[in-house]
Each structure stands twice: as C-alpha cells, then as structure tokens.
Amino acid sequence: MNTVSEQIFRELDFFAVSFVLGALLVFVYDCLRIFRRMVRHGVLWISLEDFCYWVAVAFAVFAMLYQKNDGLIRGFSIGGVMIGMLFYNQLVSRYVVRCTVRFLKKITGIGKKICGFVFAPFRKAAKTASQAVCGKSRTFISRQRKKVKFMNNRLKKMKKEVKMGLTKK
C-alpha cells in the first residue's frame with residue numbers, strides 16, 4: 001500500500017514540475033515581450049529571438065523530462081507544461097507585461113529628466129561655443145554665397161549681351 005501512494009506522489013510531483021515549468025516558460029517569454037516593447041526592433045531580430053527562445057524551451061523541457069522521468073515523454077507531462085503555459089498566459093501574463101512596461105517607462109522617463117537636468121549646463125555651454133565658432137563661419141559662408149550669386153548674375157548678363165551682339169548681324 002505504501003508503494004502505491006509513493007508512486008502517485010512521484011507522478012503528482014512530476015505533473016507539478018511540468019505545470020510550473022510551463023508557467024515559467026511563458027514568464028520568460030513575457031520578459032522577451034517586455035524587452036521588445038521597451039526597445040523596438042525589426043522582424044529579423046524578433047525572429048531570431050523567437051528561434052533562440054524555442055531552442056531554449058526544447059532544452060528546458062528535455063532537461064525536465066530527463067531529470068524527472070529518465071527522458072521518457074509522457075502525455076500528462078506535456079499536458080502539464082501546456083496547462084501551466086495556458087494558466088499563466090490567461091491569468092497573469094497580460095498584467096505582468098502591462099504593469100512592468102508602465103513601471104519601466106516611468107523609471108526611464110524619470111532617468112531622462114534627471115539626465116536632462118544634470119547635462120543641461122553642458123548642453124548650453126556647447127550650444128554657446130558652437131554658435132561662437134559656427135556663427136563666424138556662418139557669416140563667412142553667407143558672404144561667399146552672396147559673392148557667388150553676384151558673380152552668377154554678372155555672368156548671365158554678360159552672356160545675354162554677347163548673345164545679343166552676335167545675333168544683331
């Protein structure tokens with residue numbers, strides 16, 4: 001009688017580990033989703049991240065099966081992983097992602113404001129120095145542009161005069 005209940009507890013433990021692994025796998029994917037919302041990137045990087053995620057999932061499920069059940073694939077263990085994934089995804093996932101993204105955006109917004117406040121004097125000094133240096137070069141450039149424009153107008157007038165002189169014959 002004692003061996004039957006031990007066997008049932010081992011199976012129950014195996015199912016519980018499968019369930020927790022499924023929930024943990026969706027939590028890891030939520031972390032990836034949070035990262036994607038904080039740092040935008042293209043389809044290629046998303047595909048590469050998904051590929052790496054699913055390779056890691058395969059290794060994690062294999063490691064769990066190997067450790068808990070000597071590598072034998074049992075239907076209820078895969079079911080436990082799927083139920084754990086579904087359970088976490090339906091009940092917790094959207095709140096974890098939404099709240100974490102809001103929190104991180106507030107933290108980064110505060111960080112940006114602090115950095116803006118700390119670096120404001122340096123930005124102002126750089127702008128002043130830039131205007132002092134570039135202001136002289138801007139006036140030089142604008143003078144040169146005026147000279148080029150003046151010369152182009154003179155050349156156009158001379159071209160018209162030469163044309164008129166050649167056509168009067």
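One numbering rule holds for all chains: residues counted from 1, following each sequence as written. Residue-level local features of this predicted model are given only where pLDDT is at least 70; pairs of side-chain atoms are given and counted only at 80 or more, and the full residue set underlies all totals for whole chains, interfaces and linings. Side-chain calculation: all heavy atoms of the structure are included, whereas hydrogens and water are not.

Summing up the model confidence of the protein, the mean pLDDT is 85 and the portion of residues at 70 or higher is 91%. Known as pLDDT, the predictor's per-residue confidence is scaled from 0 to 100. The numbering of helices and of strands both runs from the N terminus, where a helix is a DSSP run of H or I of at least 4 residues and a strand a run of E of at least 2. Mean pLDDT per element in the protein: helix 3 (residues 75-167) is the minimum at 83, and helix 2 (residues 43-69) is the maximum at 91.

A pair is scored as a salt bridge if a Lys or Arg side-chain nitrogen falls within 4 Å of a carboxyl oxygen belonging to Asp or Glu. All told, the structure shown has four salt bridges when counted by the stated rule. A salt bridge links K68 to D13, with the shortest nitrogen-to-oxygen separation between them at 3.2 Å. On the criterion of sequence distance, the pair formed by K68 in helix 2 and D13 in helix 1 (residues 2-38) is long-range, its members being 55 residues apart. Residue D30 pairs with R33 through a salt bridge whose shortest N-O separation is 3.0 Å. Placement of both D30 and R33 in helix 1 is noted, with a separation of three residues, approximately one turn of the helix. Assessed through its relative accessible area of 1%, D30 is described here as buried. Exposure is judged per residue with a 1.4 Å probe applied to protein chains only, and the accessible area is read against the type maximum: over 50% gives exposed, under 20% gives buried, and values in between give partly exposed. Note on R33: relative accessible area 24%, which makes it partly exposed.

The subject of this paragraph is the packing of aromatic side chains. Centres within 6.5 Å make a pair out of two Phe, Tyr or Trp rings, where for Trp the six-membered ring is used; the pair is then stacked when the planes are under 30 degrees apart, edge-to-face when over 60, and tilted otherwise. All told, the structure shown has seven aromatic pairs when counted by the stated rule. Ring geometry for F19 against F87: centres 5.4 Å apart, planes inclined by 50 degrees, an arrangement best described as tilted. Highlighted residues: F19 in helix 1 and F87 in helix 3, separated in sequence by 68 residues. Residue F87 is classed as partly exposed on the basis of its relative accessible area, which comes to 43%. Centroid distance Y53 to W54: 5.0 Å. Interplanar angle 75 degrees. Geometry classified as edge-to-face. What links up through ring pairs into an aromatic cluster is the set F14, F15 and F76.

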